[in-house]
Amino acid sequence: MAVAAAVLCTPGGASAATFCVYSPPGCVGTSKPSVSQAVTDAASSAGRDRIVVGAGAVNDSFNDAAGNPVDIVGQGAGVGGTELDLPAGTFGATLAEPTSTVQSMALKQTNLGSNALDLSGTADHVQVTGPTGDTIAVKLETSSTFRNGTITNVGGQAVELLPGSQNVTIADTSLSGYYAIFNEGQLTGRRLRISTTNYGLEEQVGSSDLQDVLITLTGATARGLSVEPGGGSPSVSASHLTIVGTGSASQTAVAVNSGGGFTSTIDLSNSIIRNVGTALQRHGNGTDNADLTVSYSDYDFTKVSSTGPGTLTAAHNLNNVDPQFVNAGAGDYRLSTGSPLIDAGTPGALSSTDSATDLNGAPRRLDGNGDCVAVVDIGAFEFQPPPRAPIARAQAPARSEIFDPVTFNASRSCDPDVGDTLTYQWSFDDGGTATGRIVRHAFKTKGVHTGTVTVRDQTNRSNTAHATVTVTDTKPTLSALTIKPNRITPERAAAVLGATVGYRLSEPASVRFRVQKPTSGRRVGGRCVKPSSATAGAKRCTRWKTLHHFFDHFGAAGRNSFHFNGRLGGVKLKPGLYRLVAVPTDLSGRRGNKALRTFRIKP
C-alpha cells in the first residue's frame, strides 16, 4: 500500500533548526549526512527542530531521546519516496519524545530477530515493515499515535502495546501479521484494515476500543478478536466490525476466555461475521467470568459456543443474513444497494465517543433505505446512497363544509438526503393553487375534492402526493343563544348599557336577528292566532308578533358574540317583554334552524 506524503504543521521555537538530509528538494537549512546524525545534532539545538529527508532507499535510522522534540519528514512512503532500511537491534528506530513526529516515509527492518520502530510520539503516513519471525514492527508507548499508514510483519507482531501503555491511538491504518495487534495497554482503534494469519487483536491486559474495522482471517486457525487474561482482566469494546474468514472450520471470529483469577469482557455491536467455523466463543474457566455481549450484529446463530461462568447476552441480532457485499471475492465488503444490513444498526444518534465516519472516511449515520430516518448500518462500511428525490406526504381532514377553508398539510414530507431544502407547490381540482407546507383552500362545490402537493429539492428532484376531502353542504346549526343580562336597559349617553348576545354556529353563516313582542291570541288548531269574532270562544294564548325591523350578524364556526344596544331600526324598544329570534344562512344559501331567547327592556 502506497502512503501519500503529508506534513504535520508544528510550531518551532525561536532557535529551532532545519536539517536537510539526502538533498531533499526545496529544503533550506543545514545539510547533514544522515538522519541519525541530524537527530543527534538536534539534541544540542534549542527548540523544536525539523529534519527533512530526501527520496530514495538508504541504510539509516534515528534514535530520538525524550526531551528532544523533532519532526522527521520524508518525501512519501510509496514509489519515489523515502525509505530507511533500519539496522539490527532491539529496535532499529526510536522516537522517545512524546511530541516528536515521523512523517511520510517507509521504515524497513530486514534483520531477523530485530524490531523496527519504538514509538512514543506520532507517526503519520508512515509504512513500517518488520522482518519475518517473532518480532515487533511497531511498539506503541503511552500517548503515542500511528495514523494514515501501514504496518506489516509477516510471522510476527505488527503492533504491540505493553502493560501500562495508556492513551494509544491507531487510526486509518492497515495492519497485517501473525498478531496484527497484541495489546496489554489501553488502545483506541479507528478505521483499521487488519489481515492476520493468527490473531487480529489479542487482548491479555488492559482495554481496546475499536470502531470501523475490517478483519480478514487468512490462517486456517485465525481469530479476529481474542480476549484471554495474561496478568489482568482484559476488555474489548468493538463496534462496526466486519470479520471475514476463508470458510475454515477452525477459524473463530470473536473469542473471550477467562482464567487465572481474572475476568474477561467483550462488547460487540453493529458488526458482521462471515465465513468462519465459530462466530462467537465464550468460555469461563474455574470461577472466573467470561462475559460476551453482542447486539445489532449479523452472524450465524448456529456457530456460537458458550460455556462456564459468565454470560452471553444477545439482542437485536440478525441470523446469518446475507450482507450482499459489493464484491466479496475481490475484497470489497461495502454494502450494495438493497442490503438488509442498511439502516439495521443501533437506532438513535451517534454518541460523543462514536466515530462520525466509516472505514472509508465517509459519513457514518445516513438514511440508507430512503425512509427519511437516519440509522447506522451494520458493518465497517456505511452505505453511501446516491442523490434521491424527496418523499411527498399530504394530509387533509376527511370531511369539510362547502366554503369552509380546508387545511392541507405536507409537513410529513421529507428528504432522505442530508442538507436538502424543500419547496411545496399545491394544486387543487377546482383550479386553485398555493405554496407552502401548510395551506388552506375552500371549495365552492360539494363532493370529493383533491389537493396535490409537489415537493421539490434544490436539485430539482421532486415527488407528488395527494389528499382528498369530502365536502358537504349541510344546513347550518345555531345553538346556545344567550342574552346577558336578559333585563336590558337601552343605551343612553350617560352610560354604555345594553347586553351581550352570544351564540354558537356549526359553520360560518350570516345570522338574521328579529325581535318579537307578545300579544294576546286565541288557540285554534294547536296554533295561537290573532283574535277575531270567529275565535272569541277559543282559549286565550300568547301570540308573538314580529316587529318590522331586523339586523344581521356574520358569525364564524364556533362561539360568537356581539353587543345589543336595546334598539331596533335605530329606535329604543319600549319597556316590556320581547323575544329575540335568530336564523342562520350559510355561504351556500342554506337556511338553518331557528333559535329563540326572551329578554326584557327595563324602563
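Parameters at a glance
- Residues numbered from 1 in each chain as written.
- Predicted model: local features only at pLDDT ≥ 70, side-chain atom pairs only at ≥ 80, totals over all residues.
- Heavy atoms only, no water.
- Helix = DSSP H or I, 4+ residues; strand = E, 2+ residues; numbered from the N terminus.
- Buried < 20%, exposed > 50% of the residue type's maximum accessible area, 1.4 Å probe, protein only.
- Lys, Arg positive; Asp, Glu negative; His and termini not counted.
- Salt bridge = Lys/Arg side-chain N within 4 Å of Asp/Glu carboxyl O.
- Polar contact = N/O pair within 3.5 Å; in protein donor to acceptor, adjacent residues only side chain to side chain.
- Contact = heavy atoms within 4.5 Å.
- Phe/Tyr/Trp six-rings, centres within 6.5 Å; stacked < 30°, edge-to-face > 60°.
- Core = buried A, V, L, I, M, F, W, Y, C linked by side-chain atoms within 4.5 Å.
- Pairing = 2+ DSSP bridges.
- Axes fitted to C-alpha atoms, helices over the stretch in contact; angles between N-to-C directions.

## A word on the side chain of Asp 64
Logical step 1: In this structure, Asp 64 sits in strand β5 (residues 63-64).
Logical step 2: Buried and unpaired, Asp 64 has no salt bridge, with Arg 48 as the nearest side chain of opposite charge at 8.1 Å.
Logical step 3: Separated by 2.7 Å, the side chains of Asp 64 and Ser 100 make a polar contact.
Logical step 4: Among residues more than four places away in sequence, those in contact with Asp 64 are Val 39, Val 70, Thr 94, Leu 95, Ala 96, Glu 97 and Ser 100.

## Notes on the packing of aromatic side chains
Logical step 1: Across all of its chains, the model carries 17 aromatic pairs by this definition.
Logical step 2: Taking the centre distance of 5.0 Å and the plane angle of 45 degrees together, the rings of Tyr 299 and Phe 301 count as tilted.
Logical step 3: A residue is classified by how much of its surface remains accessible, and Tyr 299, at 5% relative accessible area, is buried.
Logical step 4: Classification of Phe 301 by relative accessible area gives partly exposed; the value is 38%.
Logical step 5: Here the aromatic residues Tyr 503, Phe 513, Phe 551, Phe 562, Phe 564, Tyr 578 and Phe 599 are joined through ring pairs into a cluster of three or more.

## Brief notes about the nonpolar core
Logical step 1: Core analysis: the largest hydrophobic core is formed by 66 residues, its most contacted members being Phe 62, Ile 72, Val 138, Leu 175 and Val 254.
Logical step 2: For this core, the element with the most residues is strand β15 (residues 168-183), which contributes five residues.
Logical step 3: Counting 23 residues, the second largest nonpolar core, distinct from the first, contains Leu 478, Ile 488, Phe 551 and Phe 564.

## Details of the sheet that holds strand β42 (residues 499-505)
Logical step 1: Strand order in the open sheet formed by three strands is β40-β42-β46, and the pairing between neighbours is antiparallel. Two strands lie at the open edges of the sheet, namely β40 (478-484) and β46 (558-564), each paired on one side alone. Strand-to-strand, the axes of this sheet are offset by a mean angle of 15 degrees, without reference to chain direction.
Logical step 2: The pairing of β42 with β46 spans seven bridges and is classified as antiparallel. Bridging from a neighbouring strand, Thr 500 pairs with His 563 of β46.

## Comments concerning the environment of Ile 181
Logical step 1: Along the chain, Ile 181 turns up in strand β15.
Logical step 2: Separated by 53 residues in the primary sequence, Ile 181 and Pro 234 have C-alpha atoms spaced 14 Å apart.
Logical step 3: With residues up to four places along the chain from it excluded, the contact list for Ile 181 reads Val 159, Ile 170, Leu 175, Leu 187, Leu 192, Ile 194, Tyr 199, Gly 200, Leu 201 and Glu 202.

## Some points on the sheet that holds strand β39 (residues 462-472)
Logical step 1: Judged by pairing direction, the sheet is mixed, and its five strands sit side by side in the order β33-β39-β38-β35-β36 without closing on themselves. The two strands at the open ends of the sheet, each matched to only one other strand, are β33 (399-401) and β36 (433-435). Going from strand to strand, the sheet's axes swing by 30 degrees on average, the running direction of each strand aside.
Logical step 2: Two strands pair when backbone bridges link them, and strand β38 (residues 447-457) and β39 are joined in this way by 10 bridges, in the antiparallel orientation. Residue pairing for β39: Val 453 is matched across the bridge by Ala 465.

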